[in-house]
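An overview of the molecular structure
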Amino acid sequence: MLDVRHATVAFSAPGGPLVRAVDDVSFQIPIGTFVVVIGTNGSGKSTLLGAIAGTVRLDAGSVHVAGHDLTAWRENRRARYIGRVFQDPRAGTAASLSVLENIAVAAARGRPVGLGWATPHRLRAEAAQRLAAIQPGLEKRLDQPIGSMSGGQRQIVALVMATWHRPELLLLDEHTAALDPASADRVVQATAKLVRDQKLTALMVTHSLEQAAGLGDRLLLVHRGKIALDVEGGAKRRLSPEDLAGRFDRLRRADQLDDAAARTLRDLYA
Amino acid sequence: MITLLATWTFGVTLALVALGVFVSYRLFSFPDITTDGSFTLGAVTTTVLLVAGHDPAVATLGGAAAGAAAGACTGLLHAILRIEPLLSGILVTTALSSVNLVVLGRSNVPLAGTATLLDRAEAFLLPATTAAGFGDAAAEAARLIVMLALVGIAVLLLWVFFRTNLGTAMRAGGDTATMARALGRDTGLLTVAGLAIANALTALSGALVAQVQGFADVQMGIGMVVWGMASVFLGAALVGPVRLGGALVATVAGSITFRLLVASALRAGLHPDWLKAATALVVLAALVAPRLFSRRPQASAAR
């Protein structure tokens, strides 16, 4: 369960006006719901995700996960409840460590670490089993440095890592955007399977209108720091990529009108 | 024979510096200038403790502990005050040059007449090395064996530690901080711990070098970070891409090889004044060579 209340993040360029990247946004995600977030460039969707993950500070509002107020928590502390997969596989996995060692770090997510052996046989067996279940063949590569794998394979391992212990919230930050189409498909399928099997509460940001239309139980369209569209259930299932493209076009046209109006006003008063 | 053994002994002892630089630079990508100061700190702390009559083992560990504290200072400057790595190390090592002078009392203190770890080891091993036919070099051979044993233990401990949960988390944090933080690790703290370990190794080396050469000098640490890097690079070049254990052993091999190269260069007529410049050139060559000879973008080998 994710509960975002009145979240606001403001930036100001030196000498420039204050821009609200996230502007008084509130929404809840019930347990077991898979929410897809789309938005135009600079819409604030990445900032919103960062505010939930703890990489961006909220100027106002709060973030609750599973009943805990995480607003003042640092990023690494939030890992107790949140699992994350990044856009860049290089950011979410440690290249010089083996696949199994990466998984070992994930197996300690949000728990204190001690001097126990990081990769006992029990972990190896479970890692092999979980990897084989999601992409057969990966289980034979446990001892390879993860940096030697392709981006798609790394993202699959990153997904397994983020969900090794069932997170209260899974955050997916355009996690297929850096991949070739075939790998992206495999990662999308793996994501859908993991979310379904573990009944995860998940928030996925994507640029792909196909993914936005085809995945998830609910869709949020973020525009200019606000949620411009929030559909679920039958309405979500009926959404097509073309519908979404049409919505984007209308939003962009409205923006241009706004910009033209602003220019006219500036010219008048300057 | 004695000179060759002495060269080896030095190379092996300084391998601890190389291992320290391996931890800070290879595992944490942290170019840690503290190395220069903590090497001297280890030497002067141990020397002062020995002169005060403490047990050589206690004095040596005391030197290493002082180095750990210095490394932790650099780590804290970086992790808490957000000072960049190079500057953090420069600040701490600059402060340490005063600390070292104050601790030692003057710029040079001999250990003549003081029982050191080396004396103790010699007394223990001399019968064996004499029996093994080292003759005049028996004492030097005993020293070398002790140093090899100490460095062997250090490599083994490091290998085990960096495969525990904590050690693996440290390697992950040093490799990809975003990943480690997303999985709940405080990467700042891990860096502090990593630099403490690195500088404990360096200071241990300083403590042992002071006992090998029989004196401590406040200048003895100058250039140690570059020495350590040269050894790490040379070791990596000797063995190619290997995993953790191989990389640790390669680092030790790099240190010994580098020491032997230096000894040969000196014998071939290199003026000792040019030694540091030559070391810097070796490091430069090691940094540039992979870019010249490898077609692939720099691989993250030998970590």
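Not measured: the values here are computed from a predicted model.

The next subject is the overall build of chain A. Of the regular secondary structure elements, chain A holds ten helices and ten strands. Of all 270 residues assigned to chain A, the portion counted as buried reaches 43%. Restricting the contact set of chain A to residue pairs at least 6 apart, pairs at least 24 apart contribute 69%.

Once that is clear, we can look at the overall build of chain B. Across its full length, chain B carries twelve helices and two strands. When the helices and strands of chain B are read in sequence order from the N terminus, they spell out α-α-α-α-β-α-α-α-α-α-β-α-α-α. Relative to a compact globule of 303 residues, whose C-alpha radius of gyration would be 19 Å, chain B shows 19 Å and is just as compact. The principal-axis extent of the C-alpha atoms belonging to chain B is close to 55 × 45 × 40 Å. Burial analysis of chain B (303 residues in total) assigns 53% to the buried set. Here the analysis covers contacts within chain B between residues at least 6 apart in sequence; of these, 76% occur between residues at least 24 apart.

With that settled, the discussion passes to the sheet that holds strand E5 (residues 68–69) of chain A. Residue and element names in this part refer to chain A. Judged by pairing direction, the sheet is antiparallel, and its four strands sit side by side in the order E2-E1-E4-E5 without closing on themselves. The sheet is open, and its two borders are formed by strand E2 (18–29) and E5, each paired with just one other strand. As defined by bridge partners, strand E1 (residues 2–12) adjoins E2 across eight bridges and the pair is classed as antiparallel. Directly across from Ser12, in E2, lies its bridge partner Leu18. Sheet strands in contact with helix H1 (residues 45–53) are E1, E2 and strand E4 (60–65), and its direction is about 120 degrees off that of E1.

Let us look at the interface of chain B and chain A. Between chain B and chain A, the contact holds 21 residues from the first and 27 residues from the second. Looking at the side of chain B that touches chain A, the elements that each hand over two or more residues are helix H7 (165–175) and helix H8 (177–182) of chain B. Considering each element in turn, the side of chain B that touches chain A owes the most residues, seven residues, to H7 of chain B.

Within the secondary structure, Arg181 of chain B sits in helix H8. Residues Arg181 of chain B and Pro127 of chain B, 54 residues apart in the sequence, show an inter-C-alpha distance of 54 Å. When residues no more than four places from it in sequence are discounted, the contact partners of Arg181 of chain B are Glu75 and Asn76 of chain A together with Thr187 of chain B.

The periodicity of an α-helix, 3.6 residues per turn, causes residues three or four places apart in sequence to face the same way. Residues and elements named next belong to chain B. Look at helix H9 (residues 187–213): 39 Å from first C-alpha to last across 27 residues, which is about the 39 Å you get at 1.5 Å a residue. When you tally the buried positions in H9, you get 24 out of 27 residues, the bulk of the element. Phi for Gly214, located one or two positions after H9, is positive at around 85 degrees.

Another aspect to go through is the packing of helix H6 (residues 138–161) of chain B against helix H11 (residues 244–267) of chain B. Residue and element names in this part refer to chain B. At a closest axis distance of 10 Å, the pairing of H6 and H11 adopts a crossing angle of 155 degrees. Between H6 and H11, the crossing angle belongs to the class labelled roughly antiparallel. Handedness of the H6/H11 crossing: right-handed. Contacts from Val151, Val155, Leu158 and Trp159 in H6 reach Leu244, Gly245, Leu248, Val249 and Val252 in H11. Taken together, the residues of the contact of H6 with H11 sort by class into eight nonpolar, one polar and no charged.

Residues and elements named next belong to chain A. Overall, mixed pairing links the six strands, which are arranged E6-E7-E8-E3-E9-E10 in an open sheet. The open sheet has two edge strands with one neighbour each: strand E6 (82–85) and strand E10 (226–232). On average, adjacent strands in this sheet sit at an angle of 20 degrees to one another, irrespective of strand direction. Sheet strands touched by helix H6 (residues 151–162): E6 and strand E7 (169–173). Its angle to E6, the strand with the most contacts, is close to 175 degrees.

Further remarks concern unusual backbone geometry. Here the phi dihedral of His6 of chain A falls at roughly 50 degrees; this positive angle occurs in a residue that is not glycine. With respect to the element layout, His6 of chain A can be found in strand E1. The class of His6 of chain A is partly exposed, set by 13 C-beta atoms lying within 10 Å. Located in the positive-phi region is Arg82 of chain B, a residue other than glycine, with phi close to 60 degrees. On the secondary structure map, Arg82 of chain B appears in the loop between helix H3 (56–79) and helix H4 (85–104). On the basis of neighbour count, Arg82 of chain B is assigned to the exposed category, with 9 C-beta atoms found within 10 Å.

All names here are of chain B. Per-chain confidence: chain B averages 92 in pLDDT, with 97% of residues scoring 70 or above. Below pLDDT 50 for its whole length, residues 297–303 participates in 18 contacts with residues either more than four positions away or in separate chains. Interface confidence for the predicted complex, expressed as ipTM, amounts to 0.92; the pTM equals 0.91.

A separate point is the environment of Glu122 of chain B. Residue and element names in this part refer to chain B. Take Glu122: it is sitting in helix H5 (residues 117–131). Glu122 gets classed as partly exposed once you count the C-beta atoms within 10 Å, which come to 19. With 21 residues separating them along the chain, Glu122 and Arg143 place their C-alpha atoms 6.3 Å apart. Once residues lying within four places of it in the same chain are set aside, the contact partners of Glu122 are Ala139, Ala142 and Arg143.

Averaged over every residue, the pLDDT of chain A is 92; the share at 70 or more is 97%. The element-level mean pLDDT for chain A is lowest in helix H10 (residues 241–269) of chain A, coming to 78, with helix H4 (residues 99–107) of chain A highest at 98.

The rules behind each value
- Residues numbered from 1 in each chain as written.
- Chains lettered and ligands numbered in written order.
- Predicted model: local features only at pLDDT ≥ 70, side-chain atom pairs only at ≥ 80, totals over all residues.
- Helix = DSSP H or I, 4+ residues; strand = E, 2+ residues; numbered from the N terminus.
- Buried ≥ 20, exposed ≤ 12 C-beta atoms within 10 Å, placed from the backbone.
- Contact = placed C-beta atoms within 7 Å.
- Rg over C-alpha atoms; globule rule 2.2 N^0.38 Å.
- Pairing = 2+ DSSP bridges.
- Axes fitted to C-alpha atoms, helices over the stretch in contact; angles between N-to-C directions.
- Expected span 1.5 Å × (residues − 1).
- Parallel < 35°, antiparallel > 145°, perpendicular 65-115°, else oblique.
- Left-handed = near helix turned anticlockwise from the far one by under 90°.
- Nonpolar A, V, L, I, M, F, W, Y, C, P; charged D, E, K, R; others polar.
- pLDDT = per-residue confidence, 0-100.

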